[in-house]
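# A structural walkthrough
Listed below are the residues making up each chain.
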Amino acid sequence: MTKKKKKKLEHEQELAAESEYAIECENLVKIYKTDKVEVVALQGLDLQIKRGELVAIVGTSGSGKSTLLNMLGGLDKPSAGSLTVNGRNLLKFTEEDYMIYKRNTVGFVWQNNARNLVPYLTAVQNVELPMLLQGQKERREKALELLDAVGLSNRINSRLDQMSGGEQQRVAIAISLANDPVILLADEPTGSVDTKTSDQLLQVFKDINKNRGVTVVIVTHDLRLAKQIDRVVAIRDGRTSSEIIKKSHAEIMSETSGWDEGEVPEEASEELIVLDRTGRLQLPKDYLEALDIKGGAKVKADLDAENERIYIRKAE
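Not measured: the values here are computed from a predicted model.

## A short note on the overall build of the chain
In terms of helices and strands, the chain carries ten helices and 13 strands. Residues classed as buried in the chain amount to 43% of the 316 residues present. Sequence-distant contacts in the chain: of pairs separated by 6 or more residues, those separated by 24 or more amount to 64%. With the model as given, the accessible surface of the chain reaches about 18,000 Å², and the carbon-plus-sulfur share is 48%.

## Section: the sheet that holds strand S5 (residues 88–89)
Taken in spatial order, the four strands of this open sheet run S2-S1-S4-S5, and their pairing is antiparallel. Of all the strands in the sheet, just strand S2 (38–50) and S5 have a single pairing partner and so form its edges. Bridging between strand S1 (residues 21–33) and strand S4 (residues 80–85) involves five bridges; their strand directions are antiparallel. Bridging from a neighbouring strand, Glu 26 pairs with Ser 82 of S4.

## Section: the packing of helix H6 (residues 165–176) against helix H7 (residues 195–212)
Packing of H6 against H7 brings their axes to within 10 Å, and their N-to-C directions diverge by 20°. Relative to H7, the element H6 lies roughly parallel. Regarding H6 and H7, the two cross each other, and that crossing is right-handed. Counted together, Gly 166, Gln 169, Arg 170 and Ile 173 of H6 and Thr 197, Gln 200, Leu 201, Val 204, Phe 205 and Ile 208 of H7 form the full contact between these two elements. By residue class, the composition of the contact of H6 with H7 is five nonpolar, four polar and one charged.

Cut-off values and rules
Residues numbered from 1 in each chain as written. Predicted model: local features only at pLDDT ≥ 70, side-chain atom pairs only at ≥ 80, totals over all residues. Heavy atoms only, no water. Helix = DSSP H or I, 4+ residues; strand = E, 2+ residues; numbered from the N terminus. Buried < 20%, exposed > 50% of the residue type's maximum accessible area, 1.4 Å probe, protein only. Contact = heavy atoms within 4.5 Å. Areas by Shrake-Rupley, 256 points an atom, 1.4 Å probe, with all protein chains shown as cover. Pairing = 2+ DSSP bridges. Axes fitted to C-alpha atoms, helices over the stretch in contact; angles between N-to-C directions. Parallel < 35°, antiparallel > 145°, perpendicular 65-115°, else oblique. Left-handed = near helix turned anticlockwise from the far one by under 90°. Nonpolar A, V, L, I, M, F, W, Y, C, P; charged D, E, K, R; others polar.

That is the geometry; function is a separate question.
Given below as structure tokens:
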């Protein structure tokens, strides 16, 4: 890296430290083009994730959640809008910028851990490998510390064929932390394990988030798993459509009228529809079906300013 490039990077990192957000997406667009087909994977997505948050992103197949994760990981490039990660706008990245970004800023955990692991190496050798490629010193000491952090201090010399699927995924998580990432991205990390192991892996991510201050973003289709995470962002048709935010008993009681003391659970959640920066919102499918409203139809909106409400109804 040239001195000029290094100075620019240091300046951007200083600016990043001043922002409370690790990730900011504004009107983010991703279009895939072939000779005959143009597919819009993201169409104006807005999202903000604070430093040190643990967030789950959910959505059906084709909703755009994996596309978003690939762009956050520097594996794919945005088409338009703004995508700022750790204070840097990825739309302005050169190929060299992307290389440095993937090496220093993000860690990635895949559902298929074969993408993370070398089968004929031991657990500790797998964790040492990315550090070896980058010429880091004291690799063994750091690898042992990372394996201990994911609960595998007793399996450091085991090969992959001697380990369970959950243990292999823990090794993959340790590898993703080898470059001391600011952001850890996980694509369906519990998709190939049973429920008990899934809960254990989620606890590993929670511990990393809490103890290391790493911002963690998990893409999952497992709603049972997502319910165990404080903030859940739902993506539909390439846009942020709703957020599920976990609230305490006291918060629900103070914000909601009509609840009896015995009806509110110890911990409850509230789903909020997201209004994007241009005023667009996506209503849940069951709401539209209840009113027999189809996509593209015209509706009427009535304002009740006194009670701070907007009513949407089917146009006559």
